[in-house]
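The primary structure of each chain is shown beneath.
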Amino acid sequence: MTLAIEVHDLKKTFKGKREVRALDGVGFGVEEGTVFGLLGPNGSGKTTAVRVLTTILQADSGTAKVLGYDVQKKAALVRTLIGLAGQYAAVDENLTGRENLQMVGNLNHLPRDVVAKRAVELLAQFNLTDAGDRPLKTYSGGMRRRLDLAAALVARPTVLFLDEPTTGLDPQSRNDLWEVIERLVGGGTTVLLTTQYLEEADRLASQLAVIDHGRVIAEGTPESMKADLGATVLEVSLPSIDDAARTGAILDTLGPHTALVNGTLVEVTVDDGPQAAMTALRALDAEGIAPQTFNLREPSLDDVFLSLTGHRTEEEQADDDVTPKQRRRRRRAKELEQAMPVATGELA
Amino acid sequence: MTTATLQPPAAAPAHPSGPLSNVRWLLSDTVTLTRRNLLAVTRIPEALFFSTVQPIMFVLLFRYVFGGAIHTDATTYVNYLMPGIFVQTVAFGAVSTSIGLAEDLQKGLIERFRALPMSRGAVLLGRTTADLIRNIFVIVVMTVVGLLVGFRPTTGALSYIGAVLLILFFAYALSWGFAIVGLTAPNSETAQVMSFPLIFPLTFISAAFVPLSSMPSWLQGFATYQPFSVTVSACRSLMVGAASTGTGKSTSFWVWQSLAWTVGLLIVFIPLAIRKYRTRT
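Being a predicted model, the structure only gives us computed values, none of them experimental.

> I'd like a description of the overall build of chain A, backed by residues and values.
Of regular secondary structure, chain A possesses 13 helices and 15 strands. A burial count over chain A gives 47% of its 348 residues as buried. The long-range fraction of contacts in chain A, counting pairs at least 24 apart against all pairs at least 6 apart in sequence, stands at 67%.

> Go over the overall build of chain B with me, naming the residues and quoting the values.
Secondary structure assignment for chain B yields 10 helices and 0 strands. Listing the helices and strands of chain B from first to last along the sequence gives α-α-α-α-α-α-α-α-α-α. The principal-axis extents of the C-alpha atoms in chain B amount to approximately 75 × 40 × 35 Å. For chain B, with 281 residues in total, the buried portion stands at 44%.

> How would you summarise the pairing of strand β2 (residues 20-31) of chain A if you had to cite specific residues and measurements?
All names here are of chain A. Of the pairings in the sheet, the one linking strand β1 (residues 3-14) to β2 comprises 9 bridges and is antiparallel in character. Residue pairing across strands places E6 opposite G29, the latter belonging to β2. Counted between consecutive antiparallel strands, the loop separating β1 from β2 contains 5 residues.

> Which residues make up unusual backbone geometry, and what are the values?
All names here are of chain A. Phi is positive for T55, close to 70 degrees, though the residue is something other than glycine. On the secondary structure map, T55 appears in the loop between α1 (46-53) and β4 (61-66). Phi is positive for R156, close to 50 degrees, though the residue is something other than glycine. A residue is classified by how many C-beta atoms lie within 10 Å of it, and R156, with 19 of them, is partly exposed.

> Can you break down the sheet that holds β4 of chain A residue by residue, with the values?
All names here are of chain A. Read across the sheet, 4 strands follow the order β2-β1-β4-β5 without closing on themselves; strand pairing throughout is antiparallel. Strands with a single pairing partner mark the edges of an open sheet, and in this sheet they are β2 and β5 (69-70). Sitting on the sheet, α1 is in contact with β1, β2 and β4, with an inclination near 115 degrees to β1.

> Talk me through the sheet that holds strand β8 (residues 190-195) of chain A; I want residue IDs and the actual numbers.
Residue and element names in this part refer to chain A. If you trace the 6 strands from one edge of the open sheet to the other, you get β6-β7-β8-β3-β9-β10, paired in mixed fashion. Looking at the sheet topology across the chains shown, the edges are occupied by β6 (82-85) and β10 (215-220). Ignoring which end each strand starts from, the neighbouring axes of this sheet average 20 degrees apart. In this structure, strand β3 (residues 35-39) lies alongside β8, joined through 5 bridges in parallel fashion. Across the sheet, the residue bridging to L38 is T194, located in β8. The sheet strands contacting helix α6 (residues 171-186) are β3, β7 (159-163) and β8, and the helix crosses β8 at an angle near 150 degrees.

> Can you tell me about the packing of helix α3 (residues 97-107) of chain A against helix α4 (residues 112-125) of chain A, naming the residues and giving the values?
All names here are of chain A. Between α3 and α4, the least distance of the axes is 9 Å, while the angle of their chain directions is 135 degrees. Here α4 runs oblique to α3, going by the angle between their axes. In terms of crossing hand, the pair formed by α3 and α4 is right-handed. Where α3 approaches α4, its residues G97, R98, L101, Q102, G105 and N106 are matched on the opposing element by V115, R118, A119, L122 and L123. When the residues that make up the contact of α3 with α4 are grouped by side-chain class, the tally is 5 nonpolar, 4 polar and 2 charged.

> Just give me the short version of the nonpolar core, but keep the residues and values in it.
Counting 149 residues, the largest nonpolar core has V87, I167 and C235 of chain B as its most contacted members. With 17 residues, helix α3 (residues 77-107) of chain B is the single largest residue contributor to this core. Residues in contact with C235 of chain B, not counting those within four places in the same chain, are P83, F86, V87, A163, L166 and I167 of chain B. With 17 residues, the next largest nonpolar core counts V233, L251, L254 and V270 of chain A among its residues.

> Which residues make up the environment of A286 of chain A, and what values go with them?
Tracing the backbone through its elements, the reader meets A286 of chain A in helix α10 (residues 273-287). Judged by the 9 C-beta atoms lying within 10 Å of it, A286 of chain A falls in the exposed class.

> Any details on α1 of chain A? Residues and values, ideally.
All names here are of chain A. Across the 8 residues of α1, 8 count as buried, placing the element largely inside the fold. Listing the buried residues of α1 in full gives K46, T47, T48, A49, V50, R51, V52 and L53. Directly after α1, the chain includes T55, whose backbone phi takes a positive value near 70 degrees.

> Break down helix α5 (residues 141-153) of chain A for me, with residues and values.
Residue and element names in this part refer to chain A. Counted at 1.5 Å a residue, the expected span for α5 with its 13 residues is 18 Å, and the 19 Å between its end C-alpha atoms agrees. The buried count for α5 comes to 11 of 13 residues, which makes it a mostly enclosed element. Turning to α5, its buried residues are M143, R144, R145, R146, L147, D148, L149, A150, A151, A152 and L153. Those residues of α5 that are buried are in contact with β6, α3, α4, β7 and α6.

> Describe the packing of helix α9 (residues 227-240) of chain B against helix α10 (residues 251-279) of chain B, and please don't skip the residues or the numbers.
Residues and elements named next belong to chain B. Here α9 crosses α10 at 140 degrees, and the two axes come no closer than 8 Å. Considered as vectors, α9 and α10 are oriented oblique to each other. Regarding α9 and α10, the two cross each other, and that crossing is left-handed. Across the interface between the two elements, P227, V230, T231, S233, A234, S237 and L238 of α9 pack against T251, W254, V255, Q257, S258, W261 and L265 of α10. Among the residues making up the contact of α9 with α10, the classes are represented as 8 nonpolar, 6 polar and no charged.

> Talk me through the pairing of strand β13 (residues 265-270) of chain A; I want residue IDs and the actual numbers.
All names here are of chain A. For β13, a buried count of 6 out of 6 residues is recorded, marking the element as mostly surrounded by other parts of the structure. Of the two faces of β13, the one lined by L265, E267 and T269 and the one lined by V266, V268 and V270 are each fully buried. With 6 bridges joining them, strand β11 (residues 232-237) and β13 adopt antiparallel strand pairing. The residue bridging V236 from the neighbouring strand is V266, located in β13. Where strand β12 (residues 260-262) lies against β13, 3 bridges are found, and the strand directions are antiparallel. Opposite N262, over in β13, you have L265 as the bridge partner. Counting the residues between successive antiparallel strands, the hairpin from β12 to β13 contains 2 residues, one of them, G263, with a positive phi of roughly 65 degrees.

Rules and cut-offs
Residues numbered from 1 in each chain as written. Chains lettered and ligands numbered in written order. Predicted model: local features only at pLDDT ≥ 70, side-chain atom pairs only at ≥ 80, totals over all residues. Helix = DSSP H or I, 4+ residues; strand = E, 2+ residues; numbered from the N terminus. Buried ≥ 20, exposed ≤ 12 C-beta atoms within 10 Å, placed from the backbone. Contact = placed C-beta atoms within 7 Å. Pairing = 2+ DSSP bridges. Axes fitted to C-alpha atoms, helices over the stretch in contact; angles between N-to-C directions. Parallel < 35°, antiparallel > 145°, perpendicular 65-115°, else oblique. Left-handed = near helix turned anticlockwise from the far one by under 90°. Nonpolar A, V, L, I, M, F, W, Y, C, P; charged D, E, K, R; others polar. Core = buried A, V, L, I, M, F, W, Y, C linked by C-beta atoms within 7 Å. Expected span 1.5 Å × (residues − 1).

Structure (structure tokens):
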């Protein structure tokens, strides 16, 4: 087993009005030719880790190596081996797609004819041939992300860093991008992917690390993590807090973890969704409890966090003073905003 | 997304092995980024149009509205005014260096550049070089405008070109100064807001629009010898003769003053801008 990326005890504190410890001893290894997912909420240190690994930022202590080269001591060499596509689609608005790719090719010091050829290839590969000579101002969000990814591939990097590649995209564009990334990996490129979405990590990565407060709090394959967690979340809302408490007690027995009662909302992770749903409905019916809504959904990063740390991600914690209903509404709004293709089976 | 299979990585370019190839990379990356910045100018023709409309309005304002009330001894007011307008225009234009850099930082482009195996200095050099080239265009336009409203240079073509080179050199130094502003500002809007309080006193407490002798004596020292003013006086001397400055000093005096200021500013601004670029996270 050869490691393409090795990170040991990386620390980085941002000084300023408020000191922020972005990395607090992060460590992980990425095997050559695989996709490694770094999963964590906003502000957990994912982007800082990527910036250190891509030589943009210097860590305070610890070591980081890409293909055996120290990113600090051999920064110039490492830059010739990596590609970076960031969450903010770092492409030039005023240039066309082709000009953007050619600019990156020139800055990689590829020969002129290779640059021109690579631009044509990549535009075709990312379905941008027709839009290739239009300025980026006319591109949709999904097209920009595709071009951003294409720009990261101009010099055929051995190791590719994707920092939240699909954040803010609509489901269709997200799916398109996932397909592209899957093909890339088929070609043998090592990929480090950061994401806030469990679904994305599950689909693309063969190995995962969950990061929180600049530290890795769990590592494993997506399968092992889901097995620990339960594959599906059963979510029931009740007319009263009293009903919710009784429902919680009933649902406790369904999954590997106890049910979470949050006001009038009860959640439990289960392995076999439909089976658990039938069992739950029968039990509720027998108790004379009539749920208001009854949903099966895929577990979110939030659920992973809850089971790993006993707390939800930061953003939710900060909302402690709001009522469960408000919190739920906000979370719904957030989910809609993020336009996640959540598999929500409404059981009538 | 049709055929997305990747060939094994191959084309990774060789790392530069000596100081010679380092310089070659710096030059080629600077050319790449200069081209990119100039392309952006041509892609937003409105911006270029309106950035020349503003100085034209200043010309018309001073030539036809304020000019009648301003008394100049040695030459006509329009001849007195135009060298001031040239320097003012490039000084205001230097603000775009700060806006451009702040925008690149904000949009994450500089992040991408930092992860590329490119020359570190090329981002700042490419930006300032593009602004230099844009200034050449602006001065040509303003010369035509000047001629249309009655500006008549009296000293010959060589002297005029000398003045233009002096303006461009001064503007280049200012660009590096505003690069520091752009690298300090949190975003491009703030970069713009931060730039104008710096440029306004320099352009207006100067010899650009009114004779220095009309100002109170406590202000005359600063207004005469600050870098913007000496460059205006140098250009005025080179374009319409030293007597037009009304200071009794010779052309070479002002030219050396301007060159000394410009070189001095470059010596201070370039290292500061580079340091700011390196440490900005």
